[in-house]
Amino acid sequence: MPFARCNDGVARHVDKITGKSMGPFRCLDCDELLQLRISIRARPHFAHLPDSRCAGETALHVYAKELLQREQELTFTPLVLRKEGLEEVVFEGGRFKLDNVIIEVDRSGFRPDAIVALSSKEFAVEFKVAHAVDDAKQEKVAADDIPMIEIDLNSLRFRQISMEELDDAILHSADRKWIHHPERANGQARLESRVAAKKAERGRRLKFHIERKPRGNVDYDYHRESLAALEDAGLLDAIGIPVDCQHWFCVGLPVWQAAVLATCIVAPSRTYTPGARIKVCGDWPDYQGYANRLPDWMIRKDLSPYHWKRLEEAGYSTSSFGNADHAVFYYLAHLAATQEIVAWDRDEEAFFVTSELHGRVYRLHELGWKIRRVLEAAGAPDPNEVKARWLHKYNVDGASPAEIASTGGATYDLLLSRVDALVRMADSYYNPVVVDDLCGLPLEPMRQKRLTEIEEQNAKLAQAKAVAALARLSDLENSAREGLGPDARAWLSQNVADPAQPIREWASETDGNLAQAFSFLRKAIRERNARLAAADAVQNYQRQLEEAARKAYPDKTRAGLFVSSWRAKCDSPSALRSILEKLPKTRR
């Protein structure tokens, strides 16, 4: 133990002991006799007798109190309240020379280790060695309303440090904290007032920043296209609706809401045929991000996901501040309340385009783009204007085409079939089509053009047909003259087919007739060649008969009579043999 009570009753550190003559030495804790031990191997110290059970912890407590009373000096830690980066000084603190120190003085229900006086003000001091000031004692101190500071000596290795280090730690450098100070509440109130003012100003600036919309570089062509799509679909009344989180857009409500309807509702409704369910969702890969299908120039880049406390200062919550996706979601939720444009599916937790709107938008678009396509093919000066006028002005059984498209049914199918006929006429470049029902559109020039094209095409076809007929006739005549010779004219003039017509005219009509005529020609050539061969054979038999007759009858007259009698019957080898048997045998 580094300290003891000397024979004069003063507690001293062993460093101030000059010898055993200052004894006897007693423990500050248990008041037992202590031994002064001075060794060259260890630090000088006091020691209990071998049979002592004292730990000496309270001795440090007693030494600290008597040291404070003796030195009359103490360092107070500053009492500074901090919050939100602001500081409020309740007590500045510092190293003070005390006016008076009284230890173990009873107060109202509690006894502090010491009461010190500083500038006519009293302060209570507690030394924390084994136990800190508990809650009950704190309440009593607060009730007495005396400032109290607690000095923590638990961490001091008092047996291993010098007297100067120990005394300095107790009086000045050891950790210490304020248990109570009468001005803490007032200081806290002043700090809270400053913090509230700071939060209010910070919230005002943040709110101004959030609600201030920077001017975006609006793509007016894009906006006009969106408005045109909404006008065609009859959705212009569904924009300009205030919703939460709208501050995330740097353009006005009608601009970004028109883009949402045109991109997420009208465009897919035009693409997919009625009957298909259209889910309102974001673009790949974030299908939950409703705003990722909108152009970047609409969405603010100067906002951040602020902390919820900062948002509360500005009058927002995390849900009301949200992000651009939340703004689109709240807008769709507002539209879903009427079930006319979109509907919320609880099972899939998603918005879907209503089937009525889907069918109406699809039919209007289908009819409109076909009309515009026809007008563009006809060279109309302003197809969109003419189309719009036709959709709302043309009378179809007492209703406009737009009304019929909105309703659908058999009347729309009939009107669409009439328009499809006009599309076929507009697209008929190689095989012109003429439609007499122009559906009230300025298409007469195109119709006349198609009629002219048909006449020109027919003239070309007739000319080509005549050339082909001449070529076929020439080919057939040349082949007939080559194969039939002098019989060709008669063969070409004979009648075929039903009704009967000369074969030369019939064969010139088509390639099929020509092929069949060549088949007839080959047959006629074969028959003619057979006849000619037969005639040559008969002439040969008759020559053989004449030679045999001359040999059999020396008299030329008789030989001539015999030949004349049998010439007509000598038309085959058998006939020749039978006639030759009738000749007289030649005598040798």
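Caption draft 1: Focus on the sheet that holds strand β11 (residues 114-118). In spatial order, the strands read β10-β11-β12-β13-β14; together these 5 strands make up an open sheet with mixed pairing. Two strands close off the open sheet at either side, each with one partner strand: β10 (100-103) and β14 (176-180). The average undirected angle you get between the axes of adjacent strands in this sheet is 25 degrees. Inspection of the sheet shows β10 paired to β11 by 4 bridges, in the antiparallel sense. Paired with I103 across the two strands is A114, which belongs to β11. Of the strands in this sheet, β12 (121-128), β13 (148-152) and β14 touch helix α3 (residues 163-173), which is tilted by about 40 degrees from β14.

Caption draft 2: Quick peek at the side chain of E366. Residue placement: E366 occurs in helix α10 (residues 355-378). When its relative accessible area of 14% is taken as the criterion, E366 is described as buried. Once residues lying within four places of it in the same chain are set aside, the contact partners of E366 are Y412 and L416.

Caption draft 3: Region of interest: the pattern of salt bridges. Scanning the entire structure with this criterion turns up 40 salt bridges. The salt bridge involving R70 is made with E71; its shortest N-O contact spans 3.9 Å. For R70, a relative accessible area of 35% corresponds to the partly exposed category. Relative accessible area serves as the criterion here: at 32%, E71 is assigned to the partly exposed category. A salt bridge links R567 to E546; the nearest nitrogen and oxygen atoms lie 2.8 Å apart.

Calculation rules
- Residues numbered from 1 in each chain as written.
- Predicted model: local features only at pLDDT ≥ 70, side-chain atom pairs only at ≥ 80, totals over all residues.
- Heavy atoms only, no water.
- Pairing = 2+ DSSP bridges.
- Helix = DSSP H or I, 4+ residues; strand = E, 2+ residues; numbered from the N terminus.
- Axes fitted to C-alpha atoms, helices over the stretch in contact; angles between N-to-C directions.
- Contact = heavy atoms within 4.5 Å.
- Buried < 20%, exposed > 50% of the residue type's maximum accessible area, 1.4 Å probe, protein only.
- Salt bridge = Lys/Arg side-chain N within 4 Å of Asp/Glu carboxyl O.

Purely geometric stuff here, so don't read any function into it on its own.
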